[in-house]
Amino acid sequence: MMMISQGSVVQSRILLRVLKHGRLGERTDLHPPLPVKRLHTDPVVRRRGEPRRSHYISTPIFYVNASPHLGHVYSAVTADCLHRYKLLQGFDSKFSTGTDEHGLKIQQAASAAGKEPLSFCTEVSHRFRDTFRSCNIAYTDFIRTTEDRHRHAVEHFWTKLFDKGFIYEGIYEGWYSTPDESFLTPNQVTNGTDSMGREIKISTESGHKVEWMKEHNYLFRLSDFRTSLQEWLRSNPKAIQPKKFHHLVLQWLESELPDLSVSRQRSRLQWGIPVPGDPEQTIYVWLDALVNYLTVAGYPEKYSEWWNVVHHVVGKDILKFHAIYWPAFLLAAELPLPQAIYVHSHWTAQGKKMSKSLGNVVDPLESLKRFTMDGLRYFLLRQGVPDMDCDYDDDKVVKLCNSELADSLGGLLNRCTAPSLNPEQVYPLFCNISFPKVCGGRAVSEDYKLVEAVSRLPVLVKQNFDNLHMYKALEAISACVRLTNSFVQRHTPWKLDCTETEDKLWHDTILHVSMECLRIYGVLLQPVVPAIADKILSRLGVTSAERNWDNTHDFLSKFEGRHCPYEGRVLGPDTGVLYRRIERNIPKQNAEGGQKGKIKQVSP
Ligand SMILES: Nc1ncnc2c1ncn2[C@@H]1O[C@H](COP(=O)(O)OP(=O)(O)OP(=O)(O)O)[C@@H](O)[C@H]1O
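Just so we're clear, the structure is a prediction, and the values are computed from it rather than from any experiment.

**Considerations on the confidence of the model for the protein chain**
For step 1, the next point in the chain: Overall, the predicted model of the protein chain reaches an average pLDDT of 88, with 88% of residues at or above 70.
For step 2, the next point in the chain: Contacts from residues 1–46, a stretch scored under 50 in pLDDT, to residues over four places away or in other chains number 104 contacts.
For step 3, the next point in the chain: Across residues 589–598, confidence stays below pLDDT 50; counting only partners more than four residues off in sequence or on other chains, it has 11 contacts.
For step 4, the next point in the chain: We note a pTM of 0.87 for the whole complex and an ipTM of 0.96 for its interfaces.

And the structure:
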């Protein structure tokens, strides 16, 4: 249990609570648990003519104590994929990311760099912005917590919580980790050693140093919200995804929640937003940072359009802040809770979490140079499994991109569009006699299986995108690309004699079916690899108005006896390679004997 020894007023309040209820943490006299609505509805594709529906997705805002690394890019690419997918479905989608710029860590980092905190933050914030742009992260809002609009939102939010009696003055005494900006209970702390071999206390979870802290500040009545949080999670089984994290939070909530210190003395922390009405205190960096999601929604003036549809993407390291503190703050402010919190695990380097503090990071800008923006995005989303950590290795990226993007997908596009096989450079005609609806003609049973698999693919991909299981969606697409290549290989159109009418019809039908498959892959891949998808669709002559989710419904319409708008269309002019194979690096030994060109060791 975290120790909270509070001022006399607070102590008497707690005593009152204990006398009334016999234990701490479930007081219902002043603030009864707030009613929690069922929040989830299954997302559906917007039908033509229906009003646009809103969707709001956020990444965490990133702490600017060092430059961005691959882990940050992973959070951003995941959210970007969902944002692009929602746009394809006809949603009005907002996508926010940004930088978290207050707190002791920044104050210390700026001072170590000999810079003013704000100019230090601006420099690093721009690095995040530039890196995200280079990775084609199509955010609609980039927020910095040092902006005036944010300060206004935080001050309003704080005042609301204070006026409602959820924030009170007291003395906080307990463990604090500055690197994590986190309060810890004694059982979250263990013994460790620092770089000089001296005994120190560290956080069991992060391994970061912790210090005993005792100071007068403001506390939030987190203990009042345990029951409401449990009720929220039990009645919304998809509130936190994947399931294992939902269960984990419920498990955390089995223990009592101590009240949370939400300010620091200004004498210790100057770099932050002052507590309204008390210039001697600075608002706790996590309360400040979490409100960014509301600021972007337009809080406090006009925010409900976006706030009712907010979804967060977060790394598992910040689950407690997003799944306990944040919903409790929102309940206290009588604001709706997020629709979903999507949690992902970590990229590790040689088994250890890739992190600024450990310095074992991959520089995304270096990776982009070698693998391209889409190569890196594809790898992260195809290999990143939200439930478990994944170990990063350059060789894995090379193998995956070469086999799935260059050989399989690129090879298929090249086969269908190469002038040797497609001298007219058009989307060829489909012949129902060669490939009838019922088995016959020249098609064989495997060909019908291909058509069935690709017809089902958009539904499968949608289900997986909706749950942020990009890797499963990409696995399904990749399997269909392989089936399509086998289809072409099985029928060897290059061996057909196109001077014979029947052969020519069959030849064109093979190419038509392959191109229709490619068109579907191109549309579905847009949220993941926008540039590659654009190349495929442009080469097939598909216009930008024909690239929406709805356009996957007309797959192989000639086979179904309907008109096909693509037939006979002239192909796009770009005959370039879809994805150039990457050369494998032969590892060189560097001075320390490690391998060059892999994980960058930087001093934290
Ligand atoms: N290794 C990683 N794998 C996946 N995501 C990560 C990783 N590291 C950071 N992130 C993402 O970035 C968010 C913020 O991370 P943070 O700024 O604390 O980076 P960090 O490198 O872990 O820093 P520090 O070492 O200072 O704790 C995480 O919640 C997560 O969304």
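**Description of the site of the ligand**
For step 1, the next point in the chain: Taken together, 22 residues lie near the ligand, and His-69, Ser-75, Lys-353, Lys-356 and Ser-357 sit nearest.
For step 2, the next point in the chain: The contact in question runs from an oxygen atom of the ligand to an N or O atom on the side chain of Asp-317, over 3.0 Å.
For step 3, the next point in the chain: Here a nitrogen atom of the ligand sits 2.9 Å away from a polar atom, N or O, in the main chain of Trp-347.
For step 4, the next point in the chain: A total of 600 Å² of accessible area belongs to the ligand in isolation, and the protein chains cover 94% of it.
For step 5, the next point in the chain: Where the shell around the ligand is concerned, the elements lending two or more residues are β1 (54–63) and α2 (70–88).
For step 6, the next point in the chain: Counted by class, the shell around the ligand contains six nonpolar, 12 polar and four charged residues.

**Brief notes about the packing of aromatic side chains**
For step 1, the next point in the chain: Evaluated as defined, the whole model comprises 31 aromatic pairs.
For step 2, the next point in the chain: Ring centres of Phe-430 and Phe-559 lie 6.4 Å apart, and the angle between their planes is 90°; on these two criteria the pair is classed as edge-to-face. You can see Phe-430 sitting in the loop between α14 (394–417) and α15 (445–466) and its partner Phe-559 sitting in the loop between α18 (530–539) and β20 (600–601), a full 129 residues away along the chain. The burial state of Phe-430 is the same as that of Phe-559; both residues are buried.
For step 3, the next point in the chain: The interplanar angle of 70° and the centroid separation of 5.1 Å between the aromatic rings of Phe-435 and Tyr-448 together place this pair among those described as edge-to-face. Placement of the pair is Phe-435 in the loop between α14 and α15 and Tyr-448 in helix α15, with a sequence separation of 13 residues. Comparing Phe-435 with Tyr-448 shows no difference in burial state: the two are buried.
For step 4, the next point in the chain: Through pairs of rings, three or more aromatic residues link up here, namely Tyr-56, Phe-157, Tyr-293, Tyr-299, Tyr-303, Trp-307 and Trp-326.
For step 5, the next point in the chain: When the ring centre of Trp-306 is taken as reference, the NZ or CZ atom of Lys-94 above it lies at 5.1 Å.

**As for the packing of α15 against helix α17 (residues 501–525)**
For step 1, the next point in the chain: Where α15 contacts α17, the two axes come as close as 10 Å, and the packing angle between them is 10°. As far as their axial angle goes, α17 and α15 are roughly parallel. Residues Asp-447, Leu-450, Val-454, Leu-457, Pro-458, Val-461 and Phe-465 of α15 form the contact with α17, whose participating residues are Trp-506, Val-513, Cys-517, Ile-520, Tyr-521 and Leu-524.
For step 2, the next point in the chain: The residue inventory of the contact of α15 with α17, partitioned by class, reads 12 nonpolar, no polar and one charged.

**Considerations on the sheet that holds strand β15 (residues 340–344)**
For step 1, the next point in the chain: Pairing is parallel in the open sheet, where six strands are placed in the order β3-β2-β1-β14-β15-β9. Bordering the open sheet on either side are β3 (141–144) and β9 (240–241), each of which pairs with just one other strand.
For step 2, the next point in the chain: Relative to strand β2 (residues 92–100), β1 runs parallel, the two being bridged by eight bridges. Within β2, the position partnered with Tyr-63 by the bridge is Asp-100.

**Focus: the side chain of Gln-526**
For step 1, the next point in the chain: Tracing the backbone through its elements, the reader meets Gln-526 in the loop between α17 and α18.
For step 2, the next point in the chain: A relative accessible area of 16% places Gln-526 in the buried class.
For step 3, the next point in the chain: At 2.8 Å, the side chain of Gln-526 and the backbone oxygen of Arg-547 are in polar contact.
For step 4, the next point in the chain: Look past the residues within four positions of Gln-526 in its chain and what remains in contact with it is Arg-84, Leu-88, Ala-533, Leu-537 and Arg-547.

What counts, and where the lines are drawn
- Residues numbered from 1 in each chain as written.
- Predicted model: local features only at pLDDT ≥ 70, side-chain atom pairs only at ≥ 80, totals over all residues.
- Heavy atoms only, no water.
- pLDDT = per-residue confidence, 0-100.
- Contact = heavy atoms within 4.5 Å.
- Near = heavy atom within 4 Å.
- Polar contact = N/O pair within 3.5 Å; in protein donor to acceptor, adjacent residues only side chain to side chain.
- Areas by Shrake-Rupley, 256 points an atom, 1.4 Å probe, with all protein chains shown as cover.
- Helix = DSSP H or I, 4+ residues; strand = E, 2+ residues; numbered from the N terminus.
- Nonpolar A, V, L, I, M, F, W, Y, C, P; charged D, E, K, R; others polar.
- Phe/Tyr/Trp six-rings, centres within 6.5 Å; stacked < 30°, edge-to-face > 60°.
- Buried < 20%, exposed > 50% of the residue type's maximum accessible area, 1.4 Å probe, protein only.
- Lys NZ or Arg CZ within 6 Å of the ring centre and 35° of its normal.
- Axes fitted to C-alpha atoms, helices over the stretch in contact; angles between N-to-C directions.
- Parallel < 35°, antiparallel > 145°, perpendicular 65-115°, else oblique.
- Pairing = 2+ DSSP bridges.

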